[in-house]
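Report on the structure
Below, each chain spelled out in residue letters.
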Amino acid sequence: MSKVNRRTFLKAAGIGGAAVAAAPTVIVKPARADTIRVGGLHDRTGVIGIYGNEMADALVFAVDEINAAGGVLGQQLELIEYDAQSTMANYSQYAQRLATADKADVIFGGITSASRESIRPVFDRFRKLYFYSTFYEGGVCDRTVFCNAETPAQINGPLLKYAMDKFGAKTVYTIAADYIYGQITADWIKKYAKDFGGEVIAEEFFPLDVGDFASTITKIQQADPDLVVSALVGGNHIGFYRQWPAAGMQDKIPVASTVFGPWENAFVSAEESEGIMCSYHYFQSIDTPANHAFLERWRARYGADAQEIGTLAICTYNSVNMWKKAVEQAGTIDRMAVIEALETGISVEGPGGTVTMDPPTHHTIMSAAIAELNGGNFNIVEVAENRTPDDTATVCDLIANPDQATQYRIKVD
Amino acid sequence: MDLAGIIAVQIGYTVASLALISAGLAVIFGMMRVINLAHGEFLMLGAYAVVVSTKAGINFWVSMLVIAPLFVGIVGVIVERFIVRFLYGRMMDTLIATWGLSLLFIGIITTIFGNATESVVSPLGSFEIGEFAESQYRLFIIFIGVLVIGVIFAVLRYSRAGLIARGTMQNADMAAALGISPQRVYTITFGVGAALTGLAGAALAPVTGLLPTMGAAFIAKAFITVIGGGEAIVTGTSTASALFGTVNQVTTFLSTPVMGDVALLIAAVILLRLLPQGITGRFFRRWL
Amino acid sequence: MALRIGIDAQGLSVGRLTPALTGPLALVVAVALVIGILPLVVSDIFILLQLTLFMAYGILAMSLGWVWGYGGIFSFGQAAFYGLGGYTYAVVSINMGGSTAALFAGVAVPALFALFLGYFMFYGRISTVYVAVITLVVSLIFYKFLGHTAGYEYTIGTAHLGGFNGMPALPPINTPGDPMRMIWPEDMFLITGICLLLVYVGLRLLMWSSFGRAVAAVRENEIRAELLGYDTRLYKMATFGVGGAVAGLAGVLYANWNSYVSPTVFDLGFSAQIIIWVVVGGLGTLVGPLVGAMILGFVTIELGTQQTVDVNLILGVILVLFVLAVPEGVTAQVRNLYARLVERVPGQGGA
């Protein structure tokens, strides 16, 4: 209270104006009263740009689509977009800016788990509704946060079952990125391999800046597994998908990946990627009328030769539409009202099928498609419907205990 | 026994690729005392050059051995003439300027090609030692690494151009008095350093992911190798590459890639503590 | 050997007291006023938050300004002490709740580590370029190691190091004895501002002290200083230690601003950025690095608000043009301009 009084007094005394003029000018976009402000925070440039661009594009696309159809509650959306340049300190700065200066009503963004964990506390503190749309290790349990993309339990199970059945595999060699995503994914692979009658015989983890996989390829040959499962992430790890076929291993041991998507595929040739199996909620090759219609609109906007997009773009797109539906159901953009609307288990029809909010975990129930790369294309071979976020559900129930705001480390057994 | 063979090949490969990525830097830093922070981006430009020209239908080997070094060499000459030239003797300003250049190159390439580009495929098949298979391309990298070091040595030691370059670096005024333009020598040296770096980038293109920021993964290792080697360009770079490459690869095989990198870094710290002038500050002192 | 007093101040840049004193004094008063008044009048929290970060960066830049610009030791890895400060604060504050011990640990651990590293380097008589490489390598080792700590076995007390994802939700600095009192962004701004002033004044006083003069003597001519009886190794180690402590403090403030630390504080890009702040602001001054950090921090953030041109491209052009056009750094340029203006006004330029 005293703060406000002190401030009001000084301002009234006229000192305020002069001192503000002397303060460094920070450009603050004038917020129009009749619009709903939507914040976007992705890496368009830098190392993470390979993932960030399609997410940011999808956000712009969804907002434009909604505006063209008349906005939300009769109000137009105003998108305030920042490029975090793949730098962690920028994430916190832009998150603070979105929450305080721009007064955004909802924020879509964050790509790596590190970026999400650096901005989540900001949105907790300033009470902002936040949607995170990247597949990740699971375990985020926070009332103000909604995670609308795949977690390991949703996509790894079907993929491993398919790959092990197809090749009659009993022994699995796991190679993964050396951070929490890779480690937890490796834990799940171990569990699923056992569930499906096999075992993981070795696990190896790689820092994100390792690009040479020679000794690993030799170690794999030494161990001679029936299947290699990769959870490698990012530009440097592409080296594996290139050195593996170059060593003549492609026809000897099959590779399944929980991460390989259109982003990785853009780096390698059709020969190099031949036969890799992977799983996501969405692939551009999904053959449904809804997806064809979506892609037609997408290409009308970003060109007929637009870069192939994947689940990251679609989960972002679905997030925006799910938020819109919740706002309309609540009849207001008030944060708590929208959260409660989302917690009724709202679902939307997206290009990859129906996605439904799972109220206790704030994660989504969605289908998982398994694809095999043939001639550089993701060929859908199987679709597992209604995959629930079982991993996060083991640690998180926001209906019973709404005051949680943390990320749990999920123990797999 | 087969395992020993394959590990030997891999150690050879690690050493050779370390020497390759460091050679250009060694020439630029060793001869001109210019810390080129855009070194990683010269590598990146070399890799992009080989990919673009291969896609344009030019033979892979021609693209890699001729076009990429030529292109990056020309870029180097331009950079020297328009920027670095004004900054000789101002080591720190060169540092900022080349850092700026590195950002600029990343920005340009991202704007033109986007964040991801499909790279060229390794054109050679694989070979087998007993039950282990390995890419023939790794043998080729070893060959190129030895070749590059050999050529630098031969040029510096036996050619007139090498003599002029060494003389100018030792005493520019004296060289000028003898009728040689130091300015031109600097430009050419910088261009040659850039071309070598372009060649290294091109050679690595078939085994790495091609993205605008790929240079960052190499620059620290290259610097540590060059400085660990000390004054002598050829002997320093090759002995430091041999030492660091072996430490890195053996540790990687015995434990994990992280430990391999950490072992390399710790080896560098210990080396510099014991030999503050680098390897060639103590051994091979009069060598090139 | 004890640190000796007494070297002829003549010929050292800090020797002439009057003009050397008025400038810094005026600056301190002005900055103190701004820091004191700003939270009262700026209703936009964001401006305060952003300035808080830039002040933390400024302290970090000053630490390098001291070690390199004043002490002549080119540290390419100042980020190592900054990150170590942040991580120490994180581990101690998570384990102990209260922040006072964490704050001191966050300064002390990097300082001790800097002394240790300084002992290793300077008593080994390692030359300048090699000192740069060793500091950089040390920073990279931290980067690699902390990036590798995602597994649960890397837990210190109750603090999990978290690997590449870093450590989120750190408890903020709190009032000693009253940990429940909320810290508002305004308070954090004030705390950071006061730290900034203390560091500036502290380093200034240190430069004026006999210790500081000896450091300058070592920088100017190591052999002469040694012949005069100074143990140059000791002075360099101490200089480096002070720099480590200041960088550690900056790291603690950063961790507080962000409630988060991750291994990216140790990476090559950030290390290079600190050097660039110092050079852009002006090497050899104390204000310069501060100004450099603020200008570049601001430009980088503003560039990310637009999507038309690649950010790296613009930043790259700015840096290249800057080096060619403003070779001595912003501070020197402004000072020259000021000197020229003063000279033109008759009757005023009698200094």
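Residues numbered from 1 in each chain as written. Chains lettered and ligands numbered in written order. Predicted model: local features only at pLDDT ≥ 70, side-chain atom pairs only at ≥ 80, totals over all residues.

1. Quick word on the overall build of chain C
Secondary structure assignment for chain C yields 13 helices and two strands. Expressed as a percentage of its 351 residues, the buried residues of chain C come to 53%. Sequence separation of at least 24 residues holds for 76% of the intrachain contacts in chain C that already meet a minimum separation of 6. (Helix = DSSP H or I, 4+ residues; strand = E, 2+ residues; numbered from the N terminus. Buried ≥ 20, exposed ≤ 12 C-beta atoms within 10 Å, placed from the backbone. Contact = placed C-beta atoms within 7 Å.)

2. Quick look at the overall build of chain B
Along its length, chain B carries 12 helices and two strands. Scanning chain B from its N terminus toward the C terminus, one meets helices and strands in the order α-α-α-α-β-β-α-α-α-α-α-α-α-α. Rg of the C-alpha trace for chain B: 19 Å, near the compact-globule value of 19 Å for 288 residues, within the 12% margin. Each principal axis of the C-alpha distribution contributes one length, and for chain B these read about 65 × 45 × 35 Å. Put simply, chain B has 288 residues, and 60% of those count as buried. Here the analysis covers contacts within chain B between residues at least 6 apart in sequence; of these, 76% occur between residues at least 24 apart. (Rg over C-alpha atoms; globule rule 2.2 N^0.38 Å.)

3. Considering the interface of chain C and chain A
Taken together, the contact between chain C and chain A spans 37 residues of the former and 39 residues of the latter. For the side of chain C that touches chain A, the secondary structure elements donating two or more residues are α1 (17–41), α2 (45–70), α5 (128–147), α11 (287–303) and α12 (311–325) of chain C. If you tally residues by element for the side of chain C that touches chain A, the top one is α2 of chain C, at six residues. Along the lines of polarity and charge, the residues of the side of chain C that touches chain A split into 17 nonpolar, 16 polar and four charged. (Nonpolar A, V, L, I, M, F, W, Y, C, P; charged D, E, K, R; others polar.)

4. What about helix α4 (residues 91–113) of chain B?
For an α-helix, the turn length of 3.6 residues means that residues three or four places apart are oriented alike. With 23 residues, α4 of chain B should reach 33 Å at 1.5 Å per residue; the first-to-last C-alpha distance of 32 Å fits that figure. Burial within α4 of chain B is extensive, with 17 of its 23 residues counted as buried. (Expected span 1.5 Å × (residues − 1).)

5. Some words on the interface of chain B and chain C
Counting residues at the interface gives 35 residues for chain B, matched by 33 residues for chain C. Every element with two or more residues in the side of chain B that touches chain C is listed here: α4, α9 (216–229) and α11 (257–274) of chain B. It is α4 of chain B that provides the largest number of residues to the side of chain B that touches chain C, a total of 15 residues. Residues belonging to the side of chain B that touches chain C are distributed by class as follows: 28 nonpolar, four polar and three charged.

6. Quick look at the confidence of the model for chain C
Residue and element names in this part refer to chain C. Put simply, chain C has an average pLDDT of 82, and 89% of its residues get 70 or more. At the level of individual helices and strands, chain C shows its lowest average pLDDT in α1, which scores 75, and its highest in helix α9 (residues 232–258), which scores 94. When the criterion is pLDDT under 50, residues 1–17 qualifies, and its contacts beyond four places in sequence or with other chains add up to 20 contacts. Residue range residues 347–351 is modelled with pLDDT below 50. Its contacts to residues more than four positions away, or to other chains, number four contacts. In the predicted assembly, ipTM is 0.81 and pTM is 0.83. (pLDDT = per-residue confidence, 0-100.)

7. Section: helix α9 (residues 238–246) of chain A
Residue and element names in this part refer to chain A. With nine of its nine residues buried, α9 lies for the most part within the structure. What α9 keeps buried is the set I238, G239, F240, Y241, R242, Q243, W244, P245 and A246. Among the residues trailing α9, G248 stands out with phi positive, at a value near 75°.

8. Structural notes on the nonpolar core
By size, the foremost hydrophobic cluster in this structure holds 360 residues, and its most contacted members are A47 of chain B together with I59, V133 and V137 of chain C. With 19 residues, the single largest contributor to this core is α2 of chain C. Formed jointly, this core draws a minimum of three residues from each of two domains, domain 1 (34–150 + 286–366 + 391–413) and domain 2 (153–280) of chain A. Ignoring any residue separated from it by four or fewer positions in sequence, one finds V133 of chain C in contact with F223, I224, I227 and L272 of chain B together with F76 of chain C. (Core = buried A, V, L, I, M, F, W, Y, C linked by C-beta atoms within 7 Å. Domains from an automatic or database assignment.)

9. Concerning the environment of I106 of chain B
Note that I106 of chain B resides in helix α4. What makes I106 of chain B buried here is the crowd of 28 C-beta atoms within 10 Å. Along the chain, I106 of chain B and A38 of chain B lie 68 residues apart, while their C-alpha atoms are 9.8 Å from each other. When residues no more than four places from it in sequence are discounted, the contact partners of I106 of chain B are E41, P212 and T213 of chain B together with N312 of chain C.

10. Description of the environment of V261 of chain C
The residue V261 of chain C is located in the loop between α9 and α10 (268–281) in this model. Along the sequence, V261 of chain C and L196 of chain C sit 65 residues apart, while their C-alpha atoms lie 21 Å from each other.

11. Notes on the packing of helix α1 (residues 2–32) of chain B against α9 of chain B
All names here are of chain B. Between α1 and α9, the least distance of the axes is 8 Å, while the angle of their chain directions is 65°. For α1 against α9, the interelement crossing comes out right-handed. In this structure, α1 uses L18, I21, S22, L25, A26, F29 and G30 to contact α9, whose residues at the interface are F218, K221, A222, F223, T225, V226 and G229. (Axes fitted to C-alpha atoms, helices over the stretch in contact; angles between N-to-C directions. Left-handed = near helix turned anticlockwise from the far one by under 90°.)

12. A look at the pairing of strand β11 (residues 277–280) of chain A
Residue and element names in this part refer to chain A. In β11, alternate side chains face the same way, and those of M277 and S279 on one face and C278 and Y280 on the other are all buried. Relative to β11, strand β10 (residues 255–257) is paired through two bridges, and the arrangement is parallel. Opposite A256, over in β11, you have M277 as the bridge partner. Sheet topology note: the β11/strand β14 (residues 363–374) ladder contains four bridges and is antiparallel. Of the residues in β14, the one forming a bridge with C278 is A371. (Pairing = 2+ DSSP bridges.)

13. A word on unusual backbone geometry
Residue and element names in this part refer to chain A. Its identity as a non-glycine residue notwithstanding, L73 has a phi of 55°, on the positive side. Mapped onto the secondary structure, L73 falls in the loop between α3 (49–68) and β2 (76–83). A tally of 13 C-beta atoms within 10 Å means that L73 is categorised as partly exposed. Of note in this structure, S86 is not a glycine but carries a positive phi near 60°.

14. Some points on the environment of G297 of chain C
All names here are of chain C. Of note, G297 is situated in helix α11. On the basis of neighbour counts, which here come to 24 C-beta atoms within 10 Å, the residue G297 falls in the buried class. It is 20 Å that separates the C-alpha atoms of G297 and T308, two residues lying 11 residues apart in sequence. The residues contacting G297, other than those within four sequence positions of it, are F54 and Y57.

15. Remarks on the pairing of β2 of chain A
Each regular strand shows side chains that alternate between the opposite faces of the sheet. All names here are of chain A. Burial of β2 is extensive: seven of the eight residues sit out of reach of the surface. Where strand β1 (residues 35–42) meets β2, eight bridges bridge the pair, whose relative direction is parallel. The partner of V38 across the bridge, within β2, is L79. Running through α3, the crossover from β1 to the neighbouring parallel element β2 is right-handed. (Right-handed = clockwise from strand over helix to strand, strands pointing away.)

16. Things to note about the packing of helix α7 (residues 210–220) of chain C against α9 of chain C
Residue and element names in this part refer to chain C. Direction vectors running N to C along α7 and α9 enclose 115°, while the axes themselves pass 10 Å from each other. Considered as vectors, α7 and α9 are oriented roughly perpendicular to each other. Between α7 and α9 lies a crossing of left-handed hand. For the pair α7 and α9, the contacting residues are A214, V215 and V218 in the first and T232, Y235, K236 and T239 in the second. (Parallel < 35°, antiparallel > 145°, perpendicular 65-115°, else oblique.)

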